Amino acid sequence: MGNGDYAYPSSMNVESVHRVAIPPHQPFFESLKYSVKETLFPDDPLRKFKNQPASRRFVLALQHFLPILEWAPQYTLQFLKSDLIAGITIASLAIPQGISYAKLANLPPILGLYSSFIPPLVYAMMGSSRDLAVGTVAVGSLLMASMLGREVNPIENPKLFLHLAFTATFFAGALQLSLGLFRLGFIVDFLSHAAIVGFMGGAATVVCLQQLKSILGLEHFTHQADLVSVMRSVFTQTREWRWESAVLGCCFIFFLLVTRYFSKRQPRFFWVSAMAPLTSVILGSILVYLTHAEKHGVQVIGELKKGLNPPSATDLVFVSPYIGTAIKTGLITGIIALAEGIAVGRSFAMFKNYHIDGNKEMIAIGTMNIFGSLTSCYLTTGPFSRSAVNYNAGCKTAASNIVMAIAVMLTLLFLTPLFHYTPLVVLAAIIVSAMLGLIDYEAAIHLWKIDKFDFLVCFSAYFGVVFGSVEIGLIIAVAISVLRVLLFVARPRTFVLGNIPNSGAYRNVEHYQNAHHVPGILILEIDAPIFFANASYLRERITRWINEEEERIEGAGKTSLQYVIMDMTAVANIDTSGISMLEEFKKTVDRKGLQLVMVNPGSEVTKKLNKSKFLDEIGHKWVYVTVEEAVGVCSFMLGTHKANHMKDESEGLNSV
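Each chain carries its own residue numbering, running from 1 in the direction its sequence is written. It should be noted that, the model being predicted, local features are given only for residues of pLDDT at least 70 and side-chain atom pairs only at 80 or more, the latter also being counted only at that level, while totals for whole chains, interfaces and linings use all residues. Hydrogens and waters are ignored; side-chain quantities use all the structure's heavy atoms.

Named according to an unreviewed UniProt entry, the protein is Putative SLC26A/SulP transporter originating from Medicago truncatula. Comment text from UniProt for the protein, heading Sequence similarities (unreviewed entry), reads "Belongs to the SLC26A/SulP transporter (TC 2.A.53) family." What the UniProt record of the protein gives under Subcellular location (unreviewed entry) is the line "Membrane". UniProt positions are given in the numbering used here, feature names are shortened, and annotations may be inferred rather than shown by experiment.

Novice: Mind showing me how you'd approach the nonpolar core here?
Specialist: Among buried residues, the Ala, Val, Leu, Ile, Met, Phe, Trp, Tyr and Cys ones that are joined through side-chain atoms within 4.5 Å form a nonpolar core. Exposure categories follow from relative accessible area, calculated using a 1.4 Å probe and restricted to protein chains: below 20% of the type maximum is buried, above 50% is exposed, and the middle band is partly exposed. Within the largest apolar cluster, 104 residues are counted, with the highest numbers of intra-cluster contacts made by Ile 99, Leu 107, Leu 111, Phe 199, Tyr 378 and Met 435. When residues in this core are grouped by element, the largest group, 12 residues, is from helix α8 (residues 158-181). Contacts are assigned to residue pairs that have any heavy atoms within 4.5 Å of one another. Here Ile 99 is in contact with Pro 109, Gly 112, Leu 113, Ile 301, Leu 304, Phe 419 and Leu 427, once residues within four sequence places are set aside. Core analysis: the second largest hydrophobic core is formed by 53 residues, Leu 524, Ile 574, Ile 579 and Val 597 among them. Only DSSP runs of H or I reaching four residues or more are called helices, and only runs of E reaching two or more are called strands; each is numbered from the N terminus.

Novice: Hey, could you run me through the sheet that holds strand β3 (residues 521-526) in this one?
Specialist: Within a sheet, each strand pairs with its neighbour through backbone hydrogen bonds, oriented either parallel or antiparallel. Strands are treated as partners if at least two bridges between them are detected by DSSP. The mixed open sheet is built from six strands, whose spatial order is β2-β1-β3-β4-β5-β6. The two strands at the open ends of the sheet, each matched to only one other strand, are β2 (506-508) and β6 (623-624).

Novice: Can you help me understand empty space enclosed by the protein in this one?
Specialist: Gaps between atoms show up when a probe of the same size as a water molecule is rolled over them. The definitions used throughout rest on a 1 Å grid laid over the protein atoms alone, on which a cavity is an enclosed set of points accommodating a 1.4 Å probe that cannot get out and a pocket is an open set flanked by protein within 12 Å on both sides along at least five of seven lines; lining residues are those having an atom within 4 Å of a point. Grid points are joined across faces, edges and corners, and a volume is the space filled by probe spheres set on the points. Enumeration according to the criterion identifies two cavities of 30 Å³ or more in this entry. A volume near 40 Å³ is recorded for the largest cavity. Forming the walls of the largest cavity are His 64, Phe 65, Met 126, Lys 360, Ile 363 and Ala 364. Counting residues per element, the ones that place at least two in the lining of the largest cavity are α2 (54-65) and α15 (358-373). Looking at which element gives the most residues to the lining of the largest cavity, the answer is α15, with three residues. Side-chain classes follow a simple rule in which Ala, Val, Leu, Ile, Met, Phe, Trp, Tyr, Cys and Pro form the nonpolar group, Asp, Glu, Lys and Arg form the charged group, and the remainder, Gly included, forms the polar group. Partitioned by chemical class, the residues of the lining of the largest cavity number four nonpolar, one polar and one charged.

Novice: Looking at this structure, I do not really get the domain arrangement of the protein. What am I missing?
Specialist: Accessible area lost on assembly of the parts is the figure often given for the size of an interface. What marks off one domain from the next here is an automatic or database domain assignment. Once the domains are mapped, the protein shows domain 1 (76-486) and domain 2 (492-655). A separation of 57 Å is found between the C-alpha centroids of domain 1 and domain 2.

Novice: I'm lost on a positive patch on the surface in this one. Help?
Specialist: Residues enter a patch when their relative accessible area is above 30% and they make no salt bridge; the linking distance is 9 Å between like charges and 5 Å between nonpolar side chains (Val, Leu, Ile, Met, Phe, Trp, Tyr). Surface accessibility follows the Shrake-Rupley procedure with a 1.4 Å probe radius. Residue values consider only the protein chains on display as shielding. By salt bridge we mean one thing: a side-chain nitrogen of Lys or Arg within 4 Å of a carboxyl oxygen of Asp or Glu. Note that His is not counted, nor are the chain ends; the positive residues are Lys and Arg, and the negative ones are Asp and Glu. In this description, the location of a charge corresponds to atom NZ of lysine, CZ of arginine, CG of aspartate or CD of glutamate. Together, Lys 33, Lys 37, Arg 47, Lys 48 and Lys 50 make up a region of like positive charge exposed at the surface. Mapped onto the fold, Lys 50 is located in the loop between α1 (28-40) and α2.

Novice: Explanation requested: a nonpolar patch on the surface in the structure shown.
Specialist: Nonpolar side chains collect at one region of the surface, where Ile 406, Leu 410, Phe 414, Leu 415 and Leu 418 lie side by side and expose about 490 Å² of accessible area between them. Among the structural elements, Leu 415 can be located in helix α17 (residues 399-415).

Novice: Just checking my understanding: could you explain the pairing of β3 for this structure?
Specialist: β3 sits mainly inside the fold: five of its six residues count as buried. Across four bridges, strand β1 (residues 494-499) lies against β3 in antiparallel orientation. Each bridged residue has a counterpart across the sheet, and for Thr 494 the counterpart in β3 is Ile 526. As paired elements, β3 and strand β4 (residues 563-567) share five bridges and run parallel to each other.

Novice: What exactly am I supposed to notice about helix α24 (residues 603-611) here?
Specialist: Since the α-helix turns once every 3.6 residues, residues separated by three or four places project in the same direction. Every buried residue of α24 is listed here: Val 605, Thr 606, Lys 607 and Leu 609. Immediately beyond the C-terminal end of α24, within one or two residues, lies Lys 613, with a positive phi of roughly 70°.

Here you go:
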């Protein structure tokens with residue numbers, strides 16, 4: 001294709017075009033300082049401390065670590081009314097959920113209530129989210145049960161299992177706090193959205209399968225979490241199934257799903273869904289008490305100890321061989337809990353148009369888990385279901401967590417005997433109904449439509465959890481996500497650019513079908529930094545572009561290729577391997593009789609190319625600010641060369 005639609009200047013002053021400037025020299029330590037600052041402090045948290053007196057800086061520092069000191073002075077009676085309603089509402093959900101998730105973690109049910117008392121109080125003082133409602137989560141509970149259960153049997157040695165749960169929670173909190181203090185939260189970003197969707201869906205499926213034990217009234221059940229083991233355990237005990245328990249469980253699951261559906265269709269009745277779990281507990285307890293169903297195979301919670309959280313600092317296990325398991329469990333559950341808590345907090349902050357500090361959240365979540373581990377609590381974070389209820393209930397500040405904690409405290413002091421007859425099947429129904437909401441098939445379908453690779457990540461994570469284990473699913477999800485990053489980095493895209501008719505714009509010829517190749521010039525765009533991981537690939541790919549362009553020109557019988565223009569606008573950085581690649585590529589184009597031209601290299605790239613003498617080798621006159629200027633100069637040189645060639649031929653004929 002020719003380029004007859006755009007008229008290049010027939011004569012131009014080549015020296016008048018803009019030249020790429022060499023950036024001023026910057027000392028190594030200044031450059032390193034800038035890089036570290038941008039990596040660890042992208043939000044410039046010290047900005048508000050500038051030009052402030054010492055007393056004011058002290059107050060700002062306290063407010064930074066204790067946000068309650070910032071919003072409490074402006075707290076109003078209207079805020080109190082809203083937070084009071086929200087706190088009582090989420091308490092009605094937190095109490096049955098806490099008991100259910102503690103059972104899921106193979107821990108005493110009372111720990112679910114303990115974990116809904118101390119951690120929310122800590123978060124209310126230190127958290128930056130107004131909507132996050134703190135408590136235990138199903139996925140974290142399942143992970144803890146699965147990982148600790150491989151080392152210690154919770155039935156044969158419940159005391160050691162309990163102490164390991166406290167220890168794992170301590171290490172989870174220490175990791176979370178460290179990530180926040182050292183501002184290393186970007187590590188959590190390696191869990192992509194697709195990986196989280198698949199992982200959470202798989203974990204929710206596994207959690208639902210685990211509830212078949214309580215729903216069917218089975219006393220013996222596999223400790224494995226994969227689908228095959230659970231199904232084998234269920235169908236090898238068909239004679240042990242209790243129809244009374246199964247009917248009761250299905251009825252309560254149906255009731256909970258109906259109330260959730262109703263609340264979604266009628267958002268102003270959000271409280272119907274929020275109150276449904278507690279209502280189920282009350283109805284189930286009354287039914288069991290009146291019918292003595294516990295004597296007919298319906299298992300109940302039994303006695304719950306009255307009183308507030310006992311201290312557990314002396315129960316932490318720091319001795320071999322158990323400390324390794326506790327550390328590993330704490331690290332993995334801590335990362336998952338952190339990812340869920342921050343993701344939920346950011347989601348609701350976006351709805352209300354305010355900002356939360358991810359590093360503050362890590363410090364708050366880490367601190368509450370450390371305090372929790374010392375006061376008989378296990379892993380907590382900000383679960384989506386509880387936070388959604390808090391948001392819909394109209395909470396204004398984190399004080400709703402304080403109200404919830406007070407409600408749980410009153411329950412611990414006075415109401416725990418009322419849960420004696422609560423059937424385990426009701427707790428199983430509460431868990432199943434909550435988990436079904438985490439299987440986000442709509443998000444998976446959306447991933448399939450938008451990005452097949454993201455769907456592969458999601459699909460792999462889901463099946464890794466369901467057919468392997470929670471840890472295997474997590475490892476697969478992270479591994480495939482990292483692999484994708486490596487593929488993006490190691491195999492960057494390169495494009496052939498063409499001119500958009502009647503403009504000075506140059507765009508990808510595959511994207512813009514009307515973009516024309518410029519005669520005698522190949523324009524390439526490199527879409528990534530150039531360094532050791534992709535240097536060889538880029539050399540081979542660019543050489544192939546040149547060969548393909550020469551074949552295209554030869555097939556069309558048009559002007560031979562003379563110039564190769566490399567648009568380096570997207571090349572943010574380059575290392576010595578990348579520079580060596582450019583030097584080798586320069587020799588290749590020289591052997592072909594072509595001229596290499598560069599356009600708009602970034603400041604870091606220009607600085608390194610100048611220090612390596614590559615700009616001297618290529619010639620500073622062949623480095624331009626825009627593609628349009630580079631094409632204009634090359635076209636001018638091509639026209640001049642063609643005119644001189646025709647003139648020489650004419651003089652040769654005249655001399656004959």
